[in-house]
Amino acid sequence: MGHTVAPSRHSRATARARCVVAGLAVLLVVAATVSLLLGRYPISLAEAAAMLANLIVPQEPIWSDQQATLFFNVRLPRVLLALMVGCCLAVAGAAYQGTFQNPLVSPDILGASQGAAFGAAVAILLGLSSVMTSVFAFGFSLLTVLLVLLISARARGNHMMVVVLAGVMVSSLFQAGVSYAKLVADPTDELADITYWLMGSLTGASMRDITMVFPIMLLGCATLFALRWRINILTMGDDEAATMGVNAKRTRIVVIIAATLVTAASVCVTGMIGWVGLIIPHLCRMLVGADYRRLIPASMLMGATFLLIVDDIARLATTAEIPIGILTAFVGAPFFLYLITRKKKL
């Protein structure tokens with residue numbers, strides 16, 4: 001009797017998880033479609049569809065030149081970048097939480113965000129272009145994580161704990177560097193640019209940004225997706241992983257590198273957007289369970305949809321656009337308090 005109940009329960013959970021993932025995919029498509037139409041200068045569904053179809057097969061124009069410029073140069077890049085960044089931050093958070101076996105870990109645990117912030121601040125102080133600001137942010141982000149891993153490799157004790165402590169230490173160091181950059185920045189323009197970058201925003205998103213980060217994001221996300229079953233094994237501990245023929249140390253390094261790449265690529269084009277990588281994996285666990293074979297795709301879909309909806313609110317709620325990092329904090333902080341105060345085990 002007991003042998004028939006467990007498989008039945010497992011199959012029901014699997015079927016439910018698949019339905020949830022399919023539902024999240026549908027929600028993403030709907031949210032993206034609506035986001036393309038929303039704005040102070042509305043575009044109808046027929047006009048949007050005709051403009052997109054015109055890229056493949058020439059259409060009789062039912063749209064104005066101004067609508068085409070707005071759609072292709074402003075709205076479409078912004079929607080695509082929101083989807084990409086939300087997907088990357090959420091999947092990085094899920095991967096880090098599994099790798100470090102800690103449900104309160106987020107994508108900036110190894111200092112990637114603070115390193116990117118310092119790199120962007122340096123670029124702004126040097127008067128570099130927006131492209132070079134992104135390059136500096138990406139480079140310093142990777143440098144920060146490399147520094148954390150080098151420190152942890154030389155330290156003694158519990159390896160995962162040492163990595164987290166090294167991340168906190170290096171993050172604090174680069175945070176101090178950002179504070180100094182703000183101190184010496186010109187108050188008339190440089191200080192405002194640094195402050196606005198730190199708040200995170202999708203304003204000014206362009207196809208150039210997407211072209212620059214898409215290959216990195218694709219590589220990182222594809223790696224994490226391919227390793228999702230191995231992350232399951234990492235959550236069991238190194239000894240269990242060894243008995244199942246998985247090299248835990250090597251797998252953990254690959255996961256950390258992939259998650260760091262997508263985090264750095266995201267932060268370098270949008271600035272500091274927090275909380276997505278912390279709250280989305282938890283919401284997905286409530287819906288699909290802790291199996292990373294389902295949690296990873298669910299996190300990708302929900303993260304993309306979440307950031308897109310928040311960005312819609314950021315650009316439409318008031319006449320002056322709200323930095324998206326502020327809104328994600330408004331959502332994330334109460335959820336974090338809920339996580340650490342609920343009686344049920346995390």
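Predicted, not measured: the structure shown is a model, and the values here were computed from it. (Residues numbered from 1 in each chain as written. Predicted model: local features only at pLDDT ≥ 70, side-chain atom pairs only at ≥ 80, totals over all residues. Heavy atoms only, no water.)

Considerations on the overall build of the protein chain
For step 1, the next point in the chain: What the protein chain contains, in helices and strands, is 14 helices and 0 strands.
For step 2, the next point in the chain: Walking the protein chain from its N terminus toward its C terminus, one meets helices and strands in the order α-α-α-α-α-α-α-α-α-α-α-α-α-α.
For step 3, the next point in the chain: C-alpha atoms of the protein chain, sized along the principal axes, occupy 65 × 55 × 40 Å.
For step 4, the next point in the chain: When burial is assessed residue by residue, the protein chain has 48% of its 346 residues classed as buried.
For step 5, the next point in the chain: Taking the intrachain contacts of the protein chain between residues at least 6 apart in sequence as the baseline, contacts between residues at least 24 apart amount to 74%.
For step 6, the next point in the chain: Measuring between centres, the 24 positive side-chain charges of the protein chain sit 18 Å from its 16 negative side-chain charges. (Helix = DSSP H or I, 4+ residues; strand = E, 2+ residues; numbered from the N terminus. Buried < 20%, exposed > 50% of the residue type's maximum accessible area, 1.4 Å probe, protein only. Contact = heavy atoms within 4.5 Å. Lys, Arg positive; Asp, Glu negative; His and termini not counted. Charge placed at Lys NZ, Arg CZ, Asp CG, Glu CD.)

What to know about helix 2 (residues 45-54)
For step 1, the next point in the chain: Among the residues of helix 2, those classed as buried are Glu47, Ala48, Ala50 and Met51. Buried residues of helix 2 fall within an arc of 165° about the axis and therefore sit on the same side. Facing away from the buried side of helix 2 by over 90 degrees, the exposed positions are Leu45 and Ala46. (Arc of directions from axis to C-beta.)

Remarks on the pattern of salt bridges
For step 1, the next point in the chain: Counted according to the given criterion, the structure contains 5 salt bridges.
For step 2, the next point in the chain: For Arg78, the salt bridge goes to Glu321, with nearest N and O atoms at 2.6 Å. Separated by 243 residues along the polypeptide, Arg78 in helix 3 (residues 65-99) and Glu321 in the loop between helix 13 (292-316) and helix 14 (324-341) bring together distant segments of the chain.
For step 3, the next point in the chain: Classification of Glu321 by relative accessible area gives partly exposed; the value is 27%.
For step 4, the next point in the chain: Across the pair Asp312 and Arg315 runs a salt bridge, and its minimum N-O distance is 3.2 Å. With Asp312 and Arg315 both in helix 13, this residue pair falls 3 residues apart, about one helical turn. The same class applies to Asp312 as to Arg315, namely buried. (Salt bridge = Lys/Arg side-chain N within 4 Å of Asp/Glu carboxyl O.)

Examining unusual backbone geometry
For step 1, the next point in the chain: Phi angles above zero are rare outside glycine, and Trp275 is one such case at about 80°.
For step 2, the next point in the chain: Relative to the helices and strands, Trp275 is located in the loop between helix 11 (248-270) and helix 12 (276-288).
For step 3, the next point in the chain: According to the relative accessible area criterion, Trp275 is partly exposed, its value standing at 28%.

Looking at the nonpolar core
For step 1, the next point in the chain: Within the largest apolar cluster, 94 residues are counted, with the highest numbers of intra-cluster contacts made by Tyr96, Phe100, Leu110, Trp197, Val276 and Ile280.
For step 2, the next point in the chain: Not counting chain neighbours up to four residues away, the residues in contact with Ile280 comprise Ala90, Ser299, Met302, Gly303 and Phe306. (Core = buried A, V, L, I, M, F, W, Y, C linked by side-chain atoms within 4.5 Å.)

Observations concerning a nonpolar patch on the surface
For step 1, the next point in the chain: A cluster of nonpolar side chains, Val26, Val30, Val34 and Leu38, forms an exposed patch at the surface whose accessible area comes to about 310 Å².
For step 2, the next point in the chain: Along the chain, Val30 turns up in helix 1 (residues 2-37). (Patch = residues over 30% accessible without salt bridge, like charges linked within 9 Å, V, L, I, M, F, W, Y side chains within 5 Å. Areas by Shrake-Rupley, 256 points an atom, 1.4 Å probe, with all protein chains shown as cover.)

Some words on the packing of aromatic side chains
For step 1, the next point in the chain: For the structure on display, the rule yields 5 aromatic pairs.
For step 2, the next point in the chain: Taken together, a centroid distance of 5.9 Å and an interplanar angle of 40° make the contact between Tyr96 and Phe100 tilted. Each member of the pair, Tyr96 as well as Phe100, is classed as buried.
For step 3, the next point in the chain: Over the ring of Phe225 we find Arg228, and its NZ or CZ is 4.0 Å from the ring centre. (Phe/Tyr/Trp six-rings, centres within 6.5 Å; stacked < 30°, edge-to-face > 60°. Lys NZ or Arg CZ within 6 Å of the ring centre and 35° of its normal.)

Comments concerning the environment of Leu278
For step 1, the next point in the chain: Position of Leu278 among the secondary structure elements: in helix 12.
For step 2, the next point in the chain: Exposure remark for Leu278: the relative accessible area of 5% places this residue in the buried category.
For step 3, the next point in the chain: Ignoring anything within four residues of it in the chain, the contact list for Leu278 reads Gln97, Pro103, Leu104, Val105, Ser106, Pro107 and Phe336.

A closer look at the side chain of Arg75
For step 1, the next point in the chain: With respect to the secondary-structure elements, Arg75 resides in helix 3.
For step 2, the next point in the chain: The buried charged residue Arg75 lacks any salt bridge, with Asp312 as its nearest oppositely charged partner at 8.2 Å.
For step 3, the next point in the chain: From its side chain, Arg75 meets the backbone oxygen of Leu36 in a polar contact 3.2 Å long.
For step 4, the next point in the chain: Excluding anything up to four places from it in sequence, Arg75 contacts Ser35, Leu36, Leu37, Leu38, Gly39, Arg40, Tyr41, Pro42, Ile43, Leu70 and Arg315. (Polar contact = N/O pair within 3.5 Å; in protein donor to acceptor, adjacent residues only side chain to side chain.)

Notes on the environment of Ala137
For step 1, the next point in the chain: Within the secondary structure layout, Ala137 lies in helix 5 (residues 130-154).
For step 2, the next point in the chain: If we skip the residues at most four places from it in the chain, Ala137 touches Ala116, Gly119, Ala120, Trp197 and Cys268.

Regarding the environment of Ala123
For step 1, the next point in the chain: Mapped onto the elements, Ala123 comes out in helix 4 (residues 112-125).
For step 2, the next point in the chain: Sequence separation between Ala123 and Tyr96 is 27 residues, and the spatial gap between their C-alpha atoms is 29 Å.

Overview of the confidence of the model for the protein chain
For step 1, the next point in the chain: Predicted confidence across the protein chain gives a mean pLDDT of 89, with 97% of residues reaching 70 or more.
For step 2, the next point in the chain: Helix 8 (residues 207-226) holds the highest mean pLDDT among the elements of the protein chain, 96, whereas helix 10 (residues 238-243) holds the lowest, 80.
For step 3, the next point in the chain: Low pLDDT, under 50, characterises residues 1-6; the predicted model gives this stretch 0 contacts beyond four residues in sequence or across chains. (pLDDT = per-residue confidence, 0-100.)

What about helix 6 (residues 159-184)?
Given 3.6 residues to a turn, an α-helix orients residues that are three or four positions apart in the same direction.
For step 1, the next point in the chain: The end-to-end C-alpha distance of helix 6, which contains 26 residues, comes to 38 Å, matching closely the 38 Å that a straight helix rising 1.5 Å per residue would cover.
For step 2, the next point in the chain: Here the buried face of helix 6 lies against helix 3, helix 4, helix 5, helix 7 (190-199) and helix 11. (Expected span 1.5 Å × (residues − 1).)

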